[in-house]
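What follows is each chain in one-letter form.
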Amino acid sequence: MNATKPNPKRHLVTMIHIARTQLGMDEESYRANLAHYSNGKTSSADMTIPQLEAVLEAFKQLGFKPVKKPGNKRLSPNTAKGPKDERSAIRALWIFMQRAGFIQDGSETALNAWVQRMTAQANGGSGIAEVQWLHGEDAAKTLNSLKRWARRCLFEDLKKRGYQPEPKDSYKHLLERWERINGAML
């Protein structure tokens, strides 16, 4: 099996060309933008990776919206030694919920979309786009929201299996009971 390494420069050039099309730039405007954001270079082929990244970021500011291909999802970083902070706990809980069958998509991409929706109201409507950007109160609120969702899922799953959890049972209590019933932690 011959696996080829991805070419980051080629990928950036491709994204810039897609952005040009999406933004409807004519040739003259496109070349002027390249020159402006890359210290005078008017061809993406002549640019360095940092210059290409700067142009792509500028095109995003102008309205370019890259679309990820289905199946091209980012996975969460490994947290094998246990959560280090709220962000790691959020990722671990998200993955647990996917493995338990409570959510379909346990990818970092799906988690980021959920985080952005959950933080939108508190942050002026735009939301925080990446779980890694959560800090302080935003991270704590997001973790607590996810725990409440997981608690509801655990509660409903136990009920479906014929158990009678108490409405006042805590997330931790429901999780421990659910894990005992399932024989092991996921």
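Above: the structure in question.
Residues numbered from 1 in each chain as written. Predicted model: local features only at pLDDT ≥ 70, side-chain atom pairs only at ≥ 80, totals over all residues. Heavy atoms only, no water.

The packing of two helices is summarised by the inter-axis angle and the distance between the axes. Between helix 1 (residues 8-23) and helix 3 (residues 49-61), whose axes approach to 10 Å, the crossing angle comes to 25 degrees. One element, helix 1, and the other, helix 3, form an angle in the roughly parallel class. As for the relative orientation of helix 1 and helix 3, their crossing is left-handed in sense. Facing Pro8, Lys9, Leu12, Val13, Met15, Ile16, Ala19 and Leu23 of helix 1, the residues of helix 3 in contact are Ile49, Leu52, Glu53, Val55, Leu56 and Phe59. The class makeup of the residues in the contact of helix 1 with helix 3 is 12 nonpolar, no polar and 2 charged. (Axes fitted to C-alpha atoms, helices over the stretch in contact; angles between N-to-C directions. Helix = DSSP H or I, 4+ residues; strand = E, 2+ residues; numbered from the N terminus. Parallel < 35°, antiparallel > 145°, perpendicular 65-115°, else oblique. Left-handed = near helix turned anticlockwise from the far one by under 90°. Contact = heavy atoms within 4.5 Å. Nonpolar A, V, L, I, M, F, W, Y, C, P; charged D, E, K, R; others polar.)

What follows concerns the pattern of salt bridges. Enumeration according to the criterion identifies 6 salt bridges in this entry. Here Asp85 makes a salt bridge to Arg87, at a shortest N to O gap of 2.7 Å. Between Lys141 and Glu137 there is a salt bridge, and its shortest N-O distance comes to 2.9 Å. Residue Lys141 and its partner Glu137 are located together in helix 6 (residues 136-160), separated by 4 residues, close to a single helical turn. On the basis of relative accessible area, Lys141 is assigned to the partly exposed category, the value being 47%. Residues joined in a network through salt bridges with shared partners are Arg20, Glu27 and Arg31. (Salt bridge = Lys/Arg side-chain N within 4 Å of Asp/Glu carboxyl O. Buried < 20%, exposed > 50% of the residue type's maximum accessible area, 1.4 Å probe, protein only.)

Our focus in this paragraph is the nonpolar core. In this structure, Phe96, Met97 and Leu154 are the most contacted members of the largest nonpolar core, which totals 27 residues. The element contributing the most residues to this core is helix 6, with 8 residues. Beyond its immediate chain neighbours, meaning those up to four positions away, Leu154 contacts Phe96, Phe102, Tyr171, Leu174, Leu175 and Trp178. Counting 14 residues, the second largest nonpolar core, distinct from the first, contains Val13, Met15, Phe59 and Phe64. (Core = buried A, V, L, I, M, F, W, Y, C linked by side-chain atoms within 4.5 Å.)

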